[in-house]
Amino acid sequence: MQKKVLILGGGSGGVITANKLKEILGEQVEVTVVDKSAEHTFIAAYPWVAFGYRELNQIRRPLVSLQRKGIKFIQAEVLALHPDKNSVETDRGEYEYDYLVVSLGAEALPAPVEGSAAPWSEAGALTLRQWLKEAKGERWVIGVSSPYFPCPPAPYEVSGMLDFALTVKGLRDKSKISIFNPNPTPLAGMGPVISHTIQKILDRKGVEFHGEFELAEGGNGVVKSKSGETLEYDRLILVPPFAPNRVVRESPLAGPNGFPEVNPYTFKSLKYENVFVIGDTINPALNLPPAGVVVHYQGEYIAGVIAADLRGSYIGEPFNAVAMCIMDFGDDAVLPQCDFTDMLYGKGMPSCGVMAQGRSVRIAKMLFESMFFATLF
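Basis of the calculations
- Residues numbered from 1 in each chain as written.
- Predicted model: local features only at pLDDT ≥ 70, side-chain atom pairs only at ≥ 80, totals over all residues.
- Heavy atoms only, no water.
- Pairing = 2+ DSSP bridges.
- Helix = DSSP H or I, 4+ residues; strand = E, 2+ residues; numbered from the N terminus.
- Expected span 1.5 Å × (residues − 1).
- Contact = heavy atoms within 4.5 Å.
- Salt bridge = Lys/Arg side-chain N within 4 Å of Asp/Glu carboxyl O.
- Buried < 20%, exposed > 50% of the residue type's maximum accessible area, 1.4 Å probe, protein only.
- 1 Å grid on protein atoms, 1.4 Å probe; cavity = no way out; pocket = protein on both sides within 12 Å on 5 of 7 lines; lining within 4 Å.
- Points joined across faces, edges and corners; volume = space filled by probe spheres on them.
- Nonpolar A, V, L, I, M, F, W, Y, C, P; charged D, E, K, R; others polar.
- Disulfide = S-S within 2.5 Å.

A. Looking closely at the pairing of strand β6 (residues 78–82). Where β6 and strand β7 (residues 87–90) come together, 4 bridges link them in antiparallel fashion. Counterpart to His82 in the pairing with β7 is Ser87. In this antiparallel pair of consecutive strands, β6 and β7, the connection spans 4 residues, and Asn86 shows a positive phi of 55 degrees.

Right under this line is the structure:
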């Protein structure tokens, strides 16, 4: 009899796990993906939409196309988790499972400053595109509103792409770009090598970095830090605060601060042996970066863990606690790499370095996007 694997979330973690399970186990499992959206969106490409490199239809694929691989798709909103009954409640009914994979991501909370935009969503990307269309020479400020948000390099990428876009439009000399962050240096958590590399790019582009800037309030063209520092702006690009997904933090899975408690070696819930939690739903609590590459490795790994459980033994994909993120600055790109293994298991800090830098590195990011869509859908 087929075992039922229910996967919540049609993002990177969900589709990678579903594909890997079918690849390994075939007809041994019934794999179902549940998501409230009809489409998978390559979120890392939203800034490309903002700057006109991509259109929305180019960074999306219909989740129903997973059915070509024998993976079921249900478009429904998850309302509640009932792990004691091995079921999930949705707006289209209740679904039972033998194994549950929770990959619902993080939940963006309302932006604390009215009139700001975050180009890591559809609305934010289209707003920034319109701002660029209307640009005449403004003061641009880019910042984060809380320490917890997906993809820490993303604001720096946007600052670099903004510099390049304004240069192409002939407006760079009339414009000012500033970026603020609670960290003392750019990407301080990734170590001095990467921090120094990013700071050099910002300096070359004339982007002012304001470190140890914890947002206290903002509006009417001014943001203010808790220490009293102020920055004036005409356009504010602000990463909103994030929290663990609401359904998860209100479920029996929730632990301290809303994050589920899992075994860091298997990503199994400590409360329910047949429940796995991956991605931004859990990574900040594990000292893993909220990044797409991490959930990619987690998805492949837990597919092997489930296969081992069903087969008795299975040597599958090891979990690789390494984060690689191609940072696109428009006319430059950097490929940093960090090994978070020691940090995940409480043995030390991550080991980070720069693997490559240059305009040609941007091509690798575009190739990865193409490969991702070609292999998973």
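B. Representation of helix α3 (residues 122–134). In this model α3 runs 19 Å from its N-terminal to its C-terminal C-alpha over 13 residues, within 8% of the 18 Å that 1.5 Å per residue would give. Buried residues along α3 sit in contact with α2 (46–50), β11 (139–144), α4 (154–168) and β17 (235–239).

C. Region of the structure containing the pattern of salt bridges. For the coordinates displayed, the defined rule picks out 23 salt bridges. Glu94 serves as the salt-bridge partner of Lys85, at 3.4 Å between the closest nitrogen and oxygen. Here Glu94 falls in the partly exposed class, since its relative accessible area comes to 44%. Two residues, Arg139 and Glu232, come together in a salt bridge whose shortest N-O distance is 2.8 Å. Of the two residues, Arg139 sits in strand β11 while Glu232 sits in strand β16 (residues 230–232), which places them 93 residues apart along the sequence. Taking the relative accessible area as the measure of exposure, Arg139 reaches 31% and is therefore partly exposed. Each member of the salt-bridge network shares a partner with another, and the members are Asp163, Arg172, Arg204, Lys205, Asp331 and Asp332.

D. The layout of surface pockets, seen in detail. In this structure, the second largest pocket encloses a volume near 670 Å³. Looking at the second largest pocket, it is lined by 27 residues, and the ones nearest its centre are Pro147, Pro152, Gly189, Pro289 and Pro290. Across the lining of the second largest pocket, the residue classes tally to 23 nonpolar, 4 polar and no charged.

E. Here's a closer look at the state of the cysteines. As enumerated under the stated definition, the model contains 1 disulfide in all. In this model, Cys338 is linked to Cys352 through a disulfide, with the two sulfur atoms separated by 1.9 Å. For the disulfide bridge between Cys338 and Cys352, the dihedral angle about the S-S bond is near 115 degrees, and by the sign convention the bridge is right-handed. Of this pair, Cys338 sits in strand β22 (residues 333–339) while Cys352 sits in strand β23 (residues 351–357), and the two are 14 residues apart along the sequence. The class for Cys338 is buried, based on a relative accessible area of 0%. Lacking any disulfide linkage, Cys151 is separated from the closest cysteine sulfur, that of Cys325, by 4.4 Å.

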